Amino acid sequence: MLIDILMLLAGVILLWFSADWLVEGASKIAADFNIKPLVIGLTIVAFGTSAPELIVSLSAALKEVPEPEIALGNVIGSNVANIALVLAICVLIKPIHIDPKSVKTEIPFMVSITFITYLLARMGQDLVFYDGIILLACLAYFLIRTFAKAKNGEEELDEETAELVKADKGHMTKHIIELAGGFIGLIIGARLLVDGASSIATTMGVSKMFISLSLVAFGTSLPELAASSMAAYRGKSDICLGNIIGSNIFNLVLVLGATVSIAGFKLQKIFLTRELVWMTAIALILYFMCRSSKILGRVHGAILLSLYFAFLFHTFKA
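Residues numbered from 1 in each chain as written. Predicted model: local features only at pLDDT ≥ 70, side-chain atom pairs only at ≥ 80, totals over all residues. Heavy atoms only, no water.

**Things to note about the overall build of the protein chain**
Here is step 1 of the chain: The helix and strand tally for the protein chain stands at 12 helices and four strands.
Here is step 2 of the chain: Evaluated residue by residue, the protein chain yields a buried proportion of 53% over its 318 residues.
Here is step 3 of the chain: Look at the contacts in the protein chain between residues 6 or more apart in sequence, and 86% of them connect residues 24 or more apart.
Here is step 4 of the chain: Counting only carbon and sulfur atoms, one obtains 69% of the accessible surface of the protein chain, whose full area is about 14,300 Å². (Helix = DSSP H or I, 4+ residues; strand = E, 2+ residues; numbered from the N terminus. Buried < 20%, exposed > 50% of the residue type's maximum accessible area, 1.4 Å probe, protein only. Contact = heavy atoms within 4.5 Å. Areas by Shrake-Rupley, 256 points an atom, 1.4 Å probe, with all protein chains shown as cover.)

**Regarding helix H11 (residues 275-292)**
Here is step 1 of the chain: A rise of 1.5 Å per residue sets the reference length of H11, with its 18 residues, at 26 Å; its end C-alpha atoms lie 26 Å apart and thus fit the reference within 8%.
Here is step 2 of the chain: Buried within H11 are the following residues: Glu275, Leu276, Trp278, Met279, Thr280, Ile282, Ala283, Leu286, Tyr287, Met289 and Cys290. (Expected span 1.5 Å × (residues − 1).)

**A look at a nonpolar patch on the surface**
Here is step 1 of the chain: On the surface, Met1, Leu2, Ile5, Leu6, Leu9 and Met204 cluster together into a nonpolar patch covering about 590 Å² of accessible area.
Here is step 2 of the chain: Ranked by residue count, the leading element in the nonpolar patch is helix H1 (residues 2-32), at four residues.
Here is step 3 of the chain: Tracing the chain through its elements places isoleucine 5 in helix H1. (Patch = residues over 30% accessible without salt bridge, like charges linked within 9 Å, V, L, I, M, F, W, Y side chains within 5 Å. Salt bridge = Lys/Arg side-chain N within 4 Å of Asp/Glu carboxyl O.)

**Quick look at H1**
Here is step 1 of the chain: When the terminal C-alpha atoms of H1 are compared, their 45 Å separation across 31 residues agrees well with the 45 Å that a helix rising 1.5 Å per residue should span.
Here is step 2 of the chain: Just past H1, the residue asparagine 34 takes up positive phi, approximately 65 degrees.

**Quick notes on the side chain of serine 78**
Here is step 1 of the chain: Take serine 78: it is sitting in helix H3 (residues 68-93).
Here is step 2 of the chain: The class for serine 78 is buried, based on a relative accessible area of 0%.
Here is step 3 of the chain: If sequence neighbours within four positions are ignored, serine 78 has contacts with Glu53, Gly73, Ala217, Thr220, Ser221, Asn248 and Asn251.

**Things to note about the nonpolar core**
Here is step 1 of the chain: Counting 88 residues, the largest nonpolar core has Ile83, Leu87, Met110, Cys240, Leu256, Leu296 and Tyr308 as the members making the most contacts within it.
Here is step 2 of the chain: At 15 residues, the largest contribution of residues to this core is made by H3. (Core = buried A, V, L, I, M, F, W, Y, C linked by side-chain atoms within 4.5 Å.)

Structural measurements only, silent on function.
Laid out in structure tokens, this is it:
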């Protein structure tokens, strides 16, 4: 049991640092080739926040004995955690002023993608290749729309991302090593996390789904928790909310889309009536919170946090 816990922790730590190395290396290489900073921020940096979830889900789905509970639970649990845990903590640290554009565009798009995912699973009671293609098509639409907004001057880089994507001439070898090291670290970290979580579930006699919804999802959401909490502490609420919305969108259209396209899997009926419903409901609750108030205050944070613990309790007891 101790070895399994150490494997899981090692996997989380390796995923965290490897995602940073991957983003840092890829961003600097792109900047060296004179790719616009905004393009780098909207693609490489955005992808980097979902890289841990992507590699973990693919690793679980492509194992010799596939573990769809971990692959799916990681995505669902991460999306729930991003809103009901990460955002809740940010709001408890410092209230967040809501950008009206987020209420009109980004949050509704996130809710729509969440609902589409639920419908795809509900219609066939499984997720197959064609469902993955639909989600990847949504990713293409999202990127095209985002680039169009950037071209019209509606999209801007935050200070931290702008600093990250500055060209660093003369260090190409270093950046290639960072990129390669980050990619290899993600693969090793994902394998450690999946194997450790699977063993812990077996030893404790709890479902792999619960372990993936809680421990695995929390581990892969740590980068968002760290980045968003620091942004909230510094009073950069637009970064905090934007990080979470973007991460949830990428988790569904990229992580789940790619995983399902490569390795489709059947869904248990309980999964359709419980986990996916929780994910959809929490996304809707966030939308109505942002629609009804210009500021997400500590009361909203307390409500979201209580929903997160209710989610864990409900999935554990079921």
